[in-house]
Structures are given as structure tokens and as C-alpha cells.
Amino acid sequence: MPRRKKQPEVPKGSWLTTYGDMVTLLLTFFVLLFSMSTISPGKFQQVVVGIRSALTGMPPSVLTGGKSLSEEPLITSQRGVYQELIRIAEEYKGKITIQEKDEGTVIIMQDMAFFYPASAKLTPEAKELLGKIGSIVIEHTTNVLQIYGYADDQPLSQDSIYVSNWHLSSARASSVVQFFTEELKKRRSVERLADIRAGRFDPEYFYDPQRFYPIGMGDWPIKREIQALRTYIDSEKQLATDKLQQGQINRDLYNQTTEKLDSEYLARLAQLRNQYRRIDILIKREKAK
């Protein structure tokens, strides 16, 4: 009787190799898609907060009424609030800029007479704008608010109460904080009296002074830009001098070029000084204590 031929044995688990290759390719594909996407700083912060909460042994829980992981300013997550800020920015024709940074949302207000010359006293125009911006930012976030004050490069008079532009910029930042926590708080308490009586608005919570951090930037930001401008003008003048020495231009054209550069320097210097009539409000990605 002829013997049966043995059927070749199929290696067990051979399909795992193909399956593993497929999973690897899918993973590579999704990593590629992720690398091409834009990471939201706010969403990234949520992941950081979630990991931190888990590692500290206090993850949020529905049983304990866990808090939201989001520490992102509400103006970036609530379109209505953000659009209201954009409307105010359009009203002031480019004097207000809103930027997203890793630290949070920055509202830059510039090219306005926020303070009287060499003083930390707010002007009526400044109070009007700060009242509009402040009521939105303060009452629609529970985040830490950092207020940045600036000064220009011009030296203070000898009889000034401020020792330096550092002191002046710090006093200006503090004046804005004082306006928010005292004057604006009183104004909004009167305007929203019905909400306060109904328990829908608590000014003591939103206008808590512990939320605000005044920071003086001094005059170094504008001096850095002036130095860059001065370097550019000097390099252009040196280029004109080289051309004169090489006979490429005559003395009259050289004089016209240098006069034009001097005028450009003065014009751009005045523009810089206007830009540093400025207040910044940073809404940090950090809850107030």
C-alpha cells in the first residue's frame, strides 16, 4: 500500500508578521499626519495638566466633581468673547493686537496716550479703552493676568519722582492694575447690580487683586530696537562713503543720501516712540490661586 505524502506544515503564527507590518505602516502614517498638523498650545497645555494630575495622584473624577483640565483662556475657546475683542480692535483701527503665545493670549495696546508725559497717571482715553477691554478679559476668565508697562528712551527730568524708566514702567503697570481692581470694579458693580443681587456675578471673585501681576519692562525694549535702527543707518552711511571714495557717486549725491538717511532715522525713531506708548495684558494659561 503506497504511503501518503505528508502535507507541508504551515508555520504557525506566520500571519503575525504581516499584521505587524500593517500596524507599523499605519502608525507611521498617523505620525506623519500628526507631524504635518499644528499643535494648539492650549490643547497641549491640557495634556500637560492631565499628566501632572495623574502623577500627583489626583486625577479628575466625576465622583469628586473633578475640575476641567483646560487652563486655556476663555477668549480662545469662546468665539463670542474673542469676536467682541476683535470688534474693539477694529474700532481703534489697528492700535490693538491679539497674539497667541505659549504663555497665553496677549492683548497689545499701543500708539495711544495711555499716560501723561513722564507720568504713571492714566489719561481719560486710556481709562475708556481699558474699561472696554478689562470688563471682557476679567469677567470671562479666571486666569492669572500679567500687566506690562513700558517707557521710552527719553531720560526723565531731574525733578521726576521716578528714579529711572524702570521705576516709571513699573508704576504704569501698577496704575493699570489699580484701575482694574478699584475703579473698574466699582463701575462694573454698579452696572451689574441686578446680576450681583441675583447671584449671577461676584465682583470680589473676578476682580480679586491676587489675579493681577504688574510688570515693568523699563526702556530696554525700545532701546534694543533703536540700536538696531542705528546700526542699519550707520551701515547705509558707510556704504555711501565707500561709493564716494571709489568715485561711484559725487559729493552732492553723497550729501543727499546722508541727509535722507538722517531724516529716515528721525521718522522711524518717532514711530518707535509712538509704538512704545503701550500696555500689554497677558492672559496666562494658569488658573488664579
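Each chain has its residues counted from 1, running along the sequence as written. Residues qualify for local features only when their pLDDT is at least 70, as the model is predicted, and side-chain atom pairs are given and counted only at 80 or more; totals for whole chains, interfaces and linings, by contrast, use all residues. The side-chain values count all of the structure's non-hydrogen atoms but skip hydrogen atoms and water molecules.

*Asks:* I'd like a description of the overall build of the protein, backed by residues and values.
*Replies:* Numbering goes from the N terminus for both helices and strands, where a helix is a DSSP run of H or I of at least four residues and a strand is a run of E of at least two. Each helix and strand counted, the protein has ten helices and five strands in total. Relative accessibility decides the category of a residue: with a 1.4 Å probe and only protein chains considered, values under 20% of the type maximum give buried, values over 50% give exposed, and everything between is partly exposed. Per-residue burial over the protein gives 36% buried out of 289 residues. Residue exposure ignores everything except the shown protein chains as possible cover, and the areas themselves are Shrake-Rupley values with a 1.4 Å probe. Entry remark: accessible area of the protein is about 19000 Å², with carbon and sulfur atoms responsible for 56%.

*Asks:* Summarise the sheet that holds strand β1 (residues 96-100); cite the residues concerned and give the values.
*Replies:* On the basis of which strands lie adjacent, the open sheet formed by five strands has the order β1-β2-β5-β3-β4 and mixed pairing. Every interior strand has two partners, whereas the edge strands, β1 and β4 (212-216), have only one. Across the sheet, the mean angle separating the axes of adjacent strands is 20° when strand polarity is ignored. When strand β2 (residues 104-110) meets strand β5 (residues 278-287), the two strands line up antiparallel, connected through seven bridges. We call two strands paired when DSSP finds no fewer than two bridges between them. Lines fitted to C-alpha atoms define the axes here, with helix axes fitted over just the stretch in contact, and angles between the N-to-C directions of these axes take values from 0 to 180 degrees.

*Asks:* Can you explain the packing of aromatic side chains? Please cite residues and give values.
*Replies:* Note on aromatic pairs: the rings of Phe, Tyr and Trp (six-membered ring only in Trp) are paired at centre separations within 6.5 Å, and the planes decide the class, stacked below 30 degrees, edge-to-face beyond 60, tilted for the rest. Counted according to the given criterion, the structure contains five aromatic pairs. Both rings, one in tyrosine 150 and one in tyrosine 276, keep their centres 5.8 Å apart while their planes meet at 65°; by these two values the pair is edge-to-face. On the criterion of sequence distance, the pair formed by tyrosine 150 in the loop between β3 (143-149) and α6 (165-191) and tyrosine 276 in the loop between α10 (251-275) and β5 is long-range, its members being 126 residues apart. For tyrosine 276, a relative accessible area of 6% translates into the label buried. The interplanar angle of 80° and the centroid separation of 5.1 Å between the aromatic rings of tyrosine 205 and phenylalanine 206 together place this pair among those described as edge-to-face. Grouped by ring-pair contacts, the aromatic residues Phe179, Phe180 and Phe212 constitute a single cluster. The ring of phenylalanine 201 has arginine 192 lying over it, and the distance from NZ or CZ to the ring centre is 4.0 Å. Two thresholds decide whether a charge sits over a ring: the Lys NZ or Arg CZ must be within 6 Å of the ring centre and within 35 degrees of the ring normal. Here the guanidinium or amino end of arginine 230 rests over the ring plane of tyrosine 265, the centre of that ring lying 4.4 Å away.

*Asks:* Which residues make up unusual backbone geometry, and what are the values?
*Replies:* We note that aspartate 111 has phi near 60°; this positive angle belongs to a residue other than glycine. With respect to the helices and strands, aspartate 111 occurs in the loop between β2 and α5 (124-139). Accessibility expressed as a relative area gives 30% for aspartate 111, which makes it partly exposed. A positive phi is found at alanine 118, a non-glycine position, where the angle reads about 55°. For alanine 118, a relative accessible area of 47% corresponds to the partly exposed category.

*Asks:* Outline α5, supporting the account with residue identities and numerical values.
*Replies:* Between the first and last residue of a helix there are one fewer steps than residues, each counted as 1.5 Å, and that sum is the expected span. The end-to-end C-alpha distance of α5 is 22 Å, a good match for the 22 Å that 16 residues give at a rise of 1.5 Å each. Two axes define the bend at a residue: one fitted to the seven residues ending there, one fitted to the seven starting there, and the bend is the angle between them. Along α5, the sharpest change in direction is near 25° and occurs at isoleucine 133. Along α5, the residues classified as buried are Ala126, Leu129, Leu130, Gly131, Ile133, Gly134, Ser135, Ile136, Val137, Ile138 and Glu139.

*Asks:* Got a sec to walk through the packing of helix α9 (residues 220-245) against α10? Specific residues and values, please.
*Replies:* One can describe the packing of α9 onto α10 by two numbers: an axis separation of 10 Å at closest approach and a directional angle of 175°. Accordingly, the angle class assigned to the pair α9 and α10 is roughly antiparallel. Contact residues: Ile222, Glu225, Ile226, Leu229, Arg230, Tyr232, Ile233, Glu236, Lys237, Ala240, Thr241 and Leu244 in α9; Arg251, Tyr254, Thr257, Thr258, Leu261, Asp262, Glu264, Tyr265, Arg268, Leu269, Leu272 and Arg273 in α10. Roughly parallel covers angles under 35 degrees, roughly antiparallel covers those over 145, roughly perpendicular covers 65 to 115, and oblique covers all other angles. Note on definitions: a residue-residue contact is assigned when non-hydrogen atoms from the two residues lie within 4.5 Å.

*Asks:* Give me the pairing of β2: which residues, what numbers.
*Replies:* Burial runs high along β2: seven of the seven residues are buried. Both β1 and β2 contribute to a ladder of five bridges, which runs antiparallel. When the bridges of β2 are listed, isoleucine 96 appears paired with methionine 109. Taking the residues that link successive antiparallel strands as the turn, the β1-β2 hairpin has three residues.

*Asks:* If you had to explain the environment of isoleucine 96 to someone new, which residues and values would you point to?
*Replies:* Looking at where isoleucine 96 falls in the secondary structure, it is placed in strand β1. You can call isoleucine 96 buried: its relative accessible area is 7%. Those residues in contact with isoleucine 96 that lie beyond four places of it in its chain are Ile88, Ala89, Ile107, Ile108, Met109, Leu129 and Ile133.

*Asks:* So what about the pairing of β5? Which residues, and what values?
*Replies:* With eight of ten residues buried, β5 is to be regarded as a mostly interior element. Where β3 and β5 come together, six bridges link them in antiparallel fashion. Bridge pairing in β5 links asparagine 143 to lysine 287.

*Asks:* Explain the pattern of salt bridges to me, and be specific about the residues and the numbers.
*Replies:* Only one rule defines a salt bridge in this text: a Lys or Arg side-chain nitrogen within 4 Å of an Asp or Glu carboxyl oxygen. In total, this model carries 19 salt bridges according to the counting rule given. For arginine 87, the salt bridge is made with glutamate 91, and the minimal N-O distance between the two is 3.7 Å. You can see arginine 87 and its partner glutamate 91 sitting in helix α4 (residues 79-91), four residues apart, about one turn around the helix. Residue classification places glutamate 91 among the partly exposed residues on the basis of a relative accessible area of 40%. The salt bridge partner of aspartate 280 is arginine 278, with a shortest N-O separation of 2.9 Å. Of the two residues examined, aspartate 280 and arginine 278, each falls in the buried class.

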